[in-house]
Amino acid sequence: MFSLALVMACSSLWAQDYPAKEEVNGASSEGLANLKLAADLVKYGYQQEDALSLVMAAQIINDTDNQKLEAEKSGETADTSDKTGKKGFVTLDRDKILTDAKKFANGDKDVEKLIAKAENEAKGVSRGAVGGARSDVATVSARSSYTWTCSFVAHKLAEVAVSGDGDTDLDLYVYDSNGNLIESDTDYTDDCYVSWVPRWTGKYYIKIVNRGNVYNRYVIVTN
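Predicted, not measured: the structure shown is a model, and the values here were computed from it.

**Details of a nonpolar patch on the surface**
A cluster of nonpolar residues, L52, M56 and L114, forms a patch on the protein surface that exposes about 240 Å² of accessible area. Within the element layout of this structure, L52 appears in helix α3 (residues 51–63). Residue L52 is classed as partly exposed on the basis of its relative accessible area, which comes to 40%.

Listed below in structure tokens is the structure:
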């Protein structure tokens, strides 16, 4: 009799209705992943003076819907005229990437043909495709931070990626409008990525901290 009562009690507990999990809308952004890859190729291309890496980056940028990241900004931008201690460089500017690829090609005709092809493809590409990933390029001074204020939609996957120029360690933190830490990436590189699902639609603060002794030029991308 006791065993029967115990089984019935457990069955009653198992049958209780529990709140359904909130639905997450949207998959990881292909556009964000593509632009992050392009930035990494650009960084490598400038470090190694490798024209092919720059050409591949330009082709990815050509093929990826992208619009400028509109955000409130606060923090100390760097004096980029002072190149002391600087080695790396990163950008998503197709024209500059392809111009510098020509320099690194050193007269290689095959590479120059690839550059010309990428330039022709770029002529027909919109620079502000609505609905694509959002990106910008900025600097953060040595031993300081820079904050972007962006809006994200409730229950829809939010993503932020940062790719620095390789010269210092960058850390990435995301806070909600109440100052609560939501996500962070604090490894010992300047390549950062975080994702989260906002519980409400509103503003979020994306803080980039430079741990190094020289400024860092970085690409920031959101979905």
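**Some words on the sheet that holds strand β9 (residues 202–210)**
In any sheet, the strands associate via hydrogen bonds between backbone groups, in a parallel or an antiparallel arrangement. Ordered by their spatial adjacency, 5 strands build an open sheet running β2-β4-β9-β6-β7, and the pairing between neighbours is antiparallel. The sheet terminates laterally at β2 (72–75) and β7 (181–185), the two strands that pair on one side only. Between one strand axis and the next, the sheet turns through 20° on average, direction left out of account. For strand β6 (residues 170–175) and β9, the ladder comprises 6 bridges, and the chain directions are antiparallel. Paired with L170 across the two strands is N210, which belongs to β9.

**Side note on the pairing of strand β8 (residues 191–196)**
Of the two faces of β8, only the one carrying C192, V194 and W196 is buried; D191, Y193 and S195 on the other face are not. The pairing of strand β5 (residues 158–164) with β8 spans 6 bridges and is classified as antiparallel. What sits directly across from A161, in β8, is Y193.

**Let's talk about the environment of S28**
Its place among the elements puts S28 in the loop between α1 (2–14) and α2 (30–48). Residues S28 and L157, 129 residues apart in the sequence, show an inter-C-alpha distance of 7.2 Å. The contacts of S28, once residues within four sequence positions are left out, are L157, E159 and Y193.

**Some remarks on the sheet that holds strand β3 (residues 133–140)**
Overall, mixed pairing links the 5 strands, which are arranged β1-β3-β10-β5-β8 in an open sheet. Each edge of the sheet is formed by a strand with only one pairing partner; in this case those strands are β1 (66–68) and β8. For this sheet the average axis-to-axis angle between neighbouring strands, irrespective of direction, equals 25°.

**Things to note about the pattern of salt bridges**
If the charged atoms of two oppositely charged side chains come close together, the side chains can form a pair. Following the criterion strictly, the structure yields 14 salt bridges and no others. The salt bridge partner of E72 is K203, with a shortest N-O separation of 3.0 Å. Placement of the pair is E72 in strand β2 and K203 in strand β9, with a sequence separation of 131 residues. Exposure remark for K203: the relative accessible area of 39% places this residue in the partly exposed category. The salt bridge involving K86 is made with D167; its shortest N-O contact spans 2.8 Å. Of this pair, K86 sits in the loop between β2 and α4 (94–105) while D167 sits in the loop between β5 and β6, and the two are 81 residues apart along the sequence. Using a relative accessible area of 22% as the deciding quantity, one classes D167 as partly exposed. Each member of the salt-bridge network shares a partner with another, and the members are K36, D40, K43, D190 and D191.

Parameters at a glance
Residues numbered from 1 in each chain as written. Predicted model: local features only at pLDDT ≥ 70, side-chain atom pairs only at ≥ 80, totals over all residues. Heavy atoms only, no water. Patch = residues over 30% accessible without salt bridge, like charges linked within 9 Å, V, L, I, M, F, W, Y side chains within 5 Å. Areas by Shrake-Rupley, 256 points an atom, 1.4 Å probe, with all protein chains shown as cover. Salt bridge = Lys/Arg side-chain N within 4 Å of Asp/Glu carboxyl O. Helix = DSSP H or I, 4+ residues; strand = E, 2+ residues; numbered from the N terminus. Buried < 20%, exposed > 50% of the residue type's maximum accessible area, 1.4 Å probe, protein only. Pairing = 2+ DSSP bridges. Axes fitted to C-alpha atoms, helices over the stretch in contact; angles between N-to-C directions. Contact = heavy atoms within 4.5 Å.

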